[in-house]
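Commentary on secondary and tertiary structure
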Amino acid sequence: MGKQKKKPIILLVTALIVLYVIIYIIPTVTGALVSSYTIEYGEMKVADETTAYIVRDEQVYTSKTGGKANRYIEEGTLVRKGTTVMEVTGDSEAEPGSEYQDVLTRLGDSAVSTDSFTTKKVGIVSYYADGYESKLTPETMENGGYSYYSKLSQDAVVSLEQSSVAAGDPVFKVVDRTQWYIVCFVDKEHRQRYEVGNTVTVEFEDDFVETEVYSVTADKDEDKVRVILATYNYYDKYTQMRACPVSLVTYDERGLIVENSSIGEKDGQQGVYVKNKNKDFVFVPIKVYATDGTRSLVADEFFDDAETGERYETVEIYDEVLKDAE
């Protein structure tokens, strides 16, 4: 019995010794520890994951009377000035709903009190409000930093589509269709990704819009940069959203991809070490078009140096590259 119990232990020790030799001894002797990989084409997508704070030119309407609500216009419909959005019939002396107290407090005197329920300007009808419609506007959006915006929440947005209405209840709002804004905060290390006038694709959970960088400002409250984006493009939930997760895509192209650990420098020129026919790794200059911090998209076959006018031969697909340039 003693010998039978020792046998599995001996086998385990033997297996560990063999594994050690394979992993550590053989590569050291043969040079197989040199780590490399074959470069191939891939997608380089540079993006910042952050929260979008939506800013619009909008106005909330409150009802002068109470009663049953009959709505003529659906959520998200573009209407002309003077369009009758709804009517309130019957009579009710109920107090404004408790779910609207915070909204009404934030709105203050800015809401339009109406009993005709007609629009005062062209815009998109929405039945969602949070009370920031008059506080957070295109005119005031540059006043706030991260400490202000980070307190905004989608949870504050409430639906106005109730079957009955009390006098003073918010009942709908009208949002300008021509332009709206997205305020975001990104790490200061990524500031170079955002230049005024550049295009940024904003990816929501269910759609995307193309935007233009309106302003870039170092945030005074945090170690961040405030980026304001402007867009004329339509997103069917933009009238309902105040704060939501987004991805800000500043670069999305296909090309040759190398790992950043492979990139070294020689005589002021960036490059990687490529295995030649003699199985030696030699320095080959490269031109980096974009990086996500881990990988880089580089020129293929050749590139021109704008300063010297010199053309360099560079990496090609299936070149074997040293993983660590150091």
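Now for a look at the structure at hand.

Calculation criteria
Residues numbered from 1 in each chain as written. Predicted model: local features only at pLDDT ≥ 70, side-chain atom pairs only at ≥ 80, totals over all residues. Heavy atoms only, no water. Helix = DSSP H or I, 4+ residues; strand = E, 2+ residues; numbered from the N terminus. Buried < 20%, exposed > 50% of the residue type's maximum accessible area, 1.4 Å probe, protein only. Areas by Shrake-Rupley, 256 points an atom, 1.4 Å probe, with all protein chains shown as cover. Lys, Arg positive; Asp, Glu negative; His and termini not counted. Salt bridge = Lys/Arg side-chain N within 4 Å of Asp/Glu carboxyl O. Polar contact = N/O pair within 3.5 Å; in protein donor to acceptor, adjacent residues only side chain to side chain. Contact = heavy atoms within 4.5 Å. Core = buried A, V, L, I, M, F, W, Y, C linked by side-chain atoms within 4.5 Å.

The subject of this paragraph is the overall build of the chain. What the chain contains, in helices and strands, is three helices and 25 strands. For the chain, buried positions account for 41% of its 326 residues. For the chain, the accessible area works out to roughly 18,300 Å², and carbon and sulfur atoms hold 48% of it.

With that out of the way, let us pick up the side chain of Arg226. Turning to its location among the elements, Arg226 is positioned in strand E16 (residues 224-231). No salt bridge is formed by the buried Arg226. Its closest oppositely charged neighbour is Glu142, at 4.2 Å. Here the side chain of Arg226 touches Gly144 through a polar contact of 2.9 Å, landing on its backbone oxygen.

On to the pattern of salt bridges. Applying the stated rule across the entire model yields 14 salt bridges. The partner of Arg193 in a salt bridge is Asp48, with the nearest N and O atoms 3.2 Å apart. In this pair, Arg193 sits in the loop between strand E13 (180-187) and strand E14 (199-203) while Asp48 sits in strand E2 (residues 40-55), placing the two residues 145 residues apart along the sequence. Each member of the pair, Arg193 as well as Asp48, carries the same accessibility label: buried. Among the ionic pairs, Arg311 bridges to Asp304, the shortest N-O distance being 2.8 Å. Assessed through its relative accessible area of 38%, Asp304 is described here as partly exposed. Each of Arg56, Glu58, Asp130, Glu133, Lys173 and Arg242 takes part in a single network of salt bridges with overlapping partners.

On to unusual backbone geometry. In this model, Asp267 sits at a positive phi of 55°, which is unusual for a non-glycine residue. Judged by relative accessible area, Asp267 falls into the exposed class, the value being 81%. Non-glycine residue Glu301 carries a positive phi angle of around 75°.

Below, the discussion takes up the side chain of Arg56. You can see Arg56 is positioned in the loop between E2 and strand E3 (58-63). Under the relative-accessibility criterion, Arg56 is labelled buried at 2%. A polar side-chain atom of Arg56 sits 2.7 Å from a polar atom in the side chain of Glu58. Apart from the residues within four sequence positions on either side, Arg56 is in contact with Leu136, Thr137, Pro138, Lys173, Val175, Trp180, Tyr238, Thr239, Gln240, Met241 and Arg242.

Here we take up the nonpolar core. Core analysis: the biggest nonpolar cluster contains 24 residues, and Ile182, Phe204 and Leu248 have the highest contact counts within it. Listed by contribution, the elements that provide at least two residues to this core are E2, E13, E14, strand E15 (208-218), E16 and strand E17 (243-259). It is E13 that provides the largest number of residues to this core, a total of four residues. Discounting residues that sit within four places of it in the chain, Phe204 has contacts with Ile54, Trp180, Ile182, Val209, Tyr235, Cys244, Pro245 and Val246. By size, the runner-up hydrophobic cluster in this structure holds 22 residues, among which are Val60, Ile73, Val88 and Val158.

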